[in-house]
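# Tertiary structure, described
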Amino acid sequence: AMKTAVAAPAASATLARAVAATEWSALDTAVRIQALDLFRDTLAVIAAGAVHPAFAPWRALAAAAEPGACTALGHATGVPAATAALLNGGATTVLQ
């Protein structure tokens, strides 16, 4: 009989499960402070990148997107989840 190999879970799936199972209140104070700092820094980088002149073609993409329930920083209306992920993720790289 032929054996079928079972693929190991992707690292992203393993990480997602670990994050979902983590209780914020169970984290050490130092870890919470560092996580908040990272989150705020990421939002600031996205906001700065979203208004940078080099990001104009991406803003045009947002303007052409269908309405949606998700936020693309720097865009006045909601966009679909995939568009928000693309724009927010792309904006993080503009200032690199």
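Residues numbered from 1 in each chain as written. Predicted model: local features only at pLDDT ≥ 70, side-chain atom pairs only at ≥ 80, totals over all residues. Heavy atoms only, no water.

### Things to note about a nonpolar patch on the surface
A surface patch of nonpolar side chains, amounting to about 260 Å² of accessible area, comprises Phe39, Leu43 and Leu73. Secondary-structure assignment places Leu73 in the loop between helix 3 (56-64) and helix 4 (81-91). Since its relative accessible area comes to 30%, Leu73 is described here as partly exposed. (Patch = residues over 30% accessible without salt bridge, like charges linked within 9 Å, V, L, I, M, F, W, Y side chains within 5 Å. Areas by Shrake-Rupley, 256 points an atom, 1.4 Å probe, with all protein chains shown as cover. Salt bridge = Lys/Arg side-chain N within 4 Å of Asp/Glu carboxyl O. Helix = DSSP H or I, 4+ residues; strand = E, 2+ residues; numbered from the N terminus. Buried < 20%, exposed > 50% of the residue type's maximum accessible area, 1.4 Å probe, protein only.)

### What about helix 2 (residues 29-50)?
With 22 residues, helix 2 extends 31 Å between its outermost C-alpha atoms, agreeing within 8% with the 32 Å of an ideal straight helix rising 1.5 Å per residue. Three or more residues of helix 2 are buried, namely Ile46, Gly49 and Ala50. Buried residues in helix 2, looked at end-on, bunch into an arc of 100°, giving them a common side. Opposite the packed face of helix 2, turned more than 90 degrees from it, sit the exposed residues Ala30, Ile33, Gln34 and Arg40. Against helix 3 and helix 4 lie the buried residues of helix 2. (Expected span 1.5 Å × (residues − 1). Arc of directions from axis to C-beta. Contact = heavy atoms within 4.5 Å.)

### Some details on the environment of Thr92
Looking at the secondary structure, you find Thr92 in the segment after helix 4. Here Thr92 falls in the partly exposed class, since its relative accessible area comes to 25%. Separated by 69 residues in the primary sequence, Thr92 and Glu23 have C-alpha atoms spaced 27 Å apart. Setting aside chain neighbours within four positions, we find Thr92 in contact with Val45 and Ile46.

### Structural notes on the confidence of the model for the chain
Per-residue pLDDT for the chain averages 91, and the proportion of residues at 70 or more is 92%. Looking across the chain, the model is least confident in helix 3, with a mean pLDDT of 89, and most confident in helix 2, with 96. (pLDDT = per-residue confidence, 0-100.)

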